[in-house]
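Here is how the chains run, residue by residue.
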Amino acid sequence: MEQLSAGLVVYRASRLEALLDPLAQLLETQCPEDTLAPQTVIAAHPGMKHWLFGALARRRGPGGIVANLDIQLPSTWLDHLAETVLGQTAVALQPYRREHLRWRIHELLDTLDADDVRLYLRGDDVARRRFQLADRLARLYTQYLVYRPDWLAAWARGNPPPRDPGLDGGFIAALWRRLRWQVGTPHRGELVARLASMLRHGSAVPGAGEPLHLFGVSHLAPSELELLRAVSLQRTLVLYVPDPCRERWAGLSDERRLLREKVRIDAFAADTEALFLEQEHPLLAQWGRMGQHFM
């Protein structure tokens, strides 16, 4: 098989086992130029990593062995890429970790000009309320660092996000400006954006001569997807995406929503009671919402 050129290749299947076939084939046919160099696979999470090692070994038959395969987690790979290109890590930066942010927020709560915050911090249980609010806000900011770095960047400048002009952020935006100024160092979102920009403008991608495999990743933050696009300009990027088939998902719906509608029409009708007693799998229907956009 000819060596793949730079770009993006996507394999989709409703079962993870079906995604092993193209992965195994590419691992066998698209080898690095250096025979001793490991091949890199990014697994969605630790459980996927361990499953993938075992599944690939079982494909080789009894006593099968998988060797010289470097299966990394997304955060590990991202940090390695940032260290190579930027000379610094990008993930889990200590000042922006939840356990550190909560105490900075704890100190700044009294300085906020927000009636909601002042009202919440009244009463006999102020210490507990103060800690819980600080911890909740710290968790919110750590999520924004991954999924909404554009909001944080706009709030740090004192502006609403360009794509969401009505989202001024209120006291959350004001608090973030103080936190960003107090910490004084770039956060994950800023570093990922800088990394993607440098790769788009010619900085070398490590391992550009071999494919990079992403296995079992069902969703990505917009900033991470933009980074992968920048990587694919120089390196073949192969995504193995678990995608529930439409034949299965077309028959699933949120049973609670259907039940509420029937209760509204006639709560004691025979078909309403039958639906209540013979629901399918409401939890599975909820879990599947992230994958249903492929239909």
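Asks: Looking at this model, I keep getting lost on the packing of aromatic side chains. Mind explaining?
Replies: Aromatic ring pairs are reported here in terms of the distance separating the ring centres and the angle at which the planes meet. Considering all chains together, one arrives at nine aromatic pairs under this definition. Pairing Phe 215 with Tyr 240 gives two aromatic rings, centres 5.7 Å apart and planes at 35°, and the pair type is tilted. Taken together, the residues Phe 215 in strand 4 (residues 212-215) and Tyr 240 in strand 5 (residues 236-242) connect sequence positions 25 residues apart. When sorted by exposure, Phe 215 lands in the same class as Tyr 240, which is buried.

Asks: Sorry if this is basic, but what is going on with the sheet that holds strand 5 here?
Replies: Adjacent strands of a sheet form backbone hydrogen bonds with each other and so pair up, either parallel or antiparallel. Read across the sheet, five strands follow the order 1-5-4-2-3 without closing on themselves; strand pairing throughout is parallel. Looking at strand neighbours, the two that pair on one side only are strand 1 (7-13) and strand 3 (69-72), the edges of this open sheet. In this sheet, adjacent strand axes meet at a mean angle of 20° when their direction is disregarded. Strand direction decides the pairing type here: strand 2 (residues 39-43) and strand 3, joined by four bridges, are parallel. Across the sheet, the residue bridging to Gln 39 is Leu 69, located in strand 3. Its contacts with the sheet put helix 1 (residues 16-29) on strand 1, strand 2, strand 3, strand 4 and strand 5, and the angle it makes with strand 5 is roughly 165°. Sheet contacts for helix 2 (residues 46-59): strand 2, strand 3 and strand 4; angle to strand 3, the most-contacted strand, approximately 155°.

Asks: Got a minute to help me understand helix 2 in this structure?
Replies: Along an α-helix, residues three or four apart share an orientation, since each turn contains 3.6 residues. Given a rise of 1.5 Å per residue, 14 residues ought to cover 20 Å, and the 20 Å separating the end C-alpha atoms of helix 2 matches this to within 8%. Next to the buried residues of helix 2 lie helix 1, strand 2, strand 3 and strand 4. Following helix 2 by one or two positions, Gly 61 adopts a phi angle in the positive range, close to 95°.

Asks: Before we go on, may I ask you to explain helix 9 (residues 188-200) in this structure?
Replies: Taking 1.5 Å of rise per residue, 13 residues should cover 18 Å, and helix 9 covers 18 Å from first to last C-alpha, within 8% of that figure. Those residues of helix 9 lying buried are Arg 188, Gly 189, Leu 191, Val 192, Leu 195, Ala 196 and Leu 199. With its buried residues spanning 165° around the axis, helix 9 presents them on a single face. Buried residues in helix 9 make contact with helix 3 (74-85), helix 6 (126-147), helix 7 (149-156) and helix 10 (222-232). After helix 9 finishes, the residue Gly 202 shows a positive phi value of roughly 110°.

Asks: It is not clear to me how the environment of Val 85 should be interpreted in this structure. Could you clarify?
Replies: Residue placement: Val 85 occurs in helix 3. By relative accessible area, which is 16% here, Val 85 ends up buried. Taking the C-alpha atoms as reference, Val 85 lies 8.6 Å from Pro 206; in sequence the two are 121 residues apart. Excluding residues within four positions of it along the chain, Val 85 makes contact with Leu 195, Met 198, Leu 199, Ser 203 and Ala 204.

Here is what the cut-offs are and how they apply
- Residues numbered from 1 in each chain as written.
- Predicted model: local features only at pLDDT ≥ 70, side-chain atom pairs only at ≥ 80, totals over all residues.
- Heavy atoms only, no water.
- Phe/Tyr/Trp six-rings, centres within 6.5 Å; stacked < 30°, edge-to-face > 60°.
- Helix = DSSP H or I, 4+ residues; strand = E, 2+ residues; numbered from the N terminus.
- Buried < 20%, exposed > 50% of the residue type's maximum accessible area, 1.4 Å probe, protein only.
- Pairing = 2+ DSSP bridges.
- Axes fitted to C-alpha atoms, helices over the stretch in contact; angles between N-to-C directions.
- Contact = heavy atoms within 4.5 Å.
- Expected span 1.5 Å × (residues − 1).
- Arc of directions from axis to C-beta.

Function cannot be inferred from these measures alone, as they are strictly geometric.
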